[in-house]
Amino acid sequence: MRRAAPALALLLLLAGCSSTDATTETSSTSSSPSPSASPSASKPAFNPCSGLAAGPLGRALREKVRETTGTADNPRCAFLPVAKGGPTLNVTYLEFGGDFDKAFAAMGQIKGRVSDVRIPGATAARVVVHASRKVVLVTGFVQVHGLIETVNAIQLAPYDAGTMRDATEAVMRTLVATAP
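Given the structure is predicted, the values throughout are model-derived calculations rather than measurements. (Residues numbered from 1 in each chain as written. Predicted model: local features only at pLDDT ≥ 70, side-chain atom pairs only at ≥ 80, totals over all residues. Heavy atoms only, no water.)

(A) Just the overall build of the protein chain, in detail. Helix and strand counts for the protein chain stand at four helices and nine strands. Counting from the amino terminus, helix and strand elements in the protein chain follow one another as β-α-β-α-β-β-β-α-β-β-β-β-α. Taking all 180 residues of the protein chain together, 45% fall into the buried category. Of all intrachain contacts in the protein chain linking residues separated by at least 6 positions in sequence, the fraction that spans at least 24 positions is 61%. Of the roughly 9000 Å² that the protein chain leaves accessible, carbon and sulfur atoms contribute 55%. (Helix = DSSP H or I, 4+ residues; strand = E, 2+ residues; numbered from the N terminus. Buried < 20%, exposed > 50% of the residue type's maximum accessible area, 1.4 Å probe, protein only. Contact = heavy atoms within 4.5 Å. Areas by Shrake-Rupley, 256 points an atom, 1.4 Å probe, with all protein chains shown as cover.)

Here's what the structure looks like:
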């Protein structure tokens, strides 16, 4: 199995949670977030989360989350827990014209269960689930043409790894449906 991606994903999540970005608080009955690239003078920055919302995502995670979208100059796409110890989800992306399998292999050993996922419209998709007694980390990678989007989801025990995986895959399907 492979080890690097969940560790990297955890670092990204922790770094994202400590940011001072603008936050839009929403419960699991609201709508729409935004973020993750550098803005251009002629158009707003691409937001991989434009089709996501805290309400539906909270229902998928079975816990309320709040959306953090960052600023126009520093967009961000994160869904943070409302309750202490609740799930956290972060979306990032990379423009990449290469082969998905080669990019994935370049990450080295990744600890966790790696599975290919079929998502209509995706060039490729893969999920890694790493669960321990104290935490579950789910990382989803989805490629649409030259864009690879990464979904990192984490929750402390007690957790439901199946719910975290299902929510991550639901986010991946939305990302494919709303990709440029």
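Picking up where we left off.
(B) Here's a closer look at the pairing of strand S8 (residues 135-144). Taking burial as the measure, the 10 residues of S8 include nine buried ones, the bulk of the element. Taken together, the eight bridges between strand S7 (residues 124-131) and S8 define a ladder with antiparallel strand orientation. From the neighbouring strand, Ala-131 faces S8, where its bridge partner is Val-136. Linking two consecutive strands that pair antiparallel, namely S7 and S8, is a turn of three residues. Relative to strand S9 (residues 147-156), S8 runs antiparallel, the two sharing 10 bridges. Its bridge partner lying in S9, Val-142 is registered against Glu-149. Linkage of S8 to S9, two consecutive antiparallel strands, is achieved through a turn of two residues, within which His-145 is found at a positive phi near 50 degrees. (Pairing = 2+ DSSP bridges.)

(C) Main features of helix H2 (residues 54-61). Among the residues of H2, Ala-54, Gly-55, Leu-57, Gly-58 and Leu-61 are the ones counted as buried. Where H2 is buried, its residues touch strand S3 (65-70), strand S4 (75-81), strand S5 (88-95) and helix H4 (161-178). Phi turns positive, to about 65 degrees, at Arg-62, one or two residues after H2.

(D) Structural detail: the packing of H2 against H4. Contact geometry for H2 and H4: axes closest at 8 Å, N-to-C directions at 150 degrees. Between H2 and H4, the crossing angle belongs to the class labelled roughly antiparallel. Every residue of H4 that contacts H2 at Leu-57, Ala-60 and Leu-61 is listed here: Thr-163, Met-164, Ala-167 and Val-171. (Axes fitted to C-alpha atoms, helices over the stretch in contact; angles between N-to-C directions. Parallel < 35°, antiparallel > 145°, perpendicular 65-115°, else oblique.)

(E) Fine view of unusual backbone geometry. Between Ala-157 and Pro-158 the backbone carries a cis peptide bond, its omega angle lying at 0 degrees. Positionally, Pro-158 belongs in the loop between S9 and H4. With phi around 65 degrees, Arg-62 is a residue other than glycine that occupies positive phi space. Tracing the backbone through its elements, the reader meets Arg-62 in the loop between H2 and S3. Despite not being glycine, His-145 has its phi angle at roughly 50 degrees, a positive value. Along the chain, His-145 turns up in the loop between S8 and S9. Judged by its relative accessible area of 61%, His-145 is exposed.

(F) Spotlight on the pattern of salt bridges. Counted under the stated rule, the structure contains four salt bridges. Between Arg-126 and Asp-101 there is a salt bridge whose closest N-O contact spans 2.7 Å. Taken together, the residues span a long stretch of sequence, with Arg-126 in strand S7 and Asp-101 in helix H3 (residues 100-106) at a distance of 25 residues. For Glu-169, the salt bridge goes to Arg-165, with nearest N and O atoms at 2.7 Å. With Glu-169 and Arg-165 both in helix H4 and four residues apart, the pair spans about one turn of that helix. One continuous salt-bridge network, built from bridges that share partners, spans Asp-101, Asp-116 and Arg-126. (Salt bridge = Lys/Arg side-chain N within 4 Å of Asp/Glu carboxyl O.)

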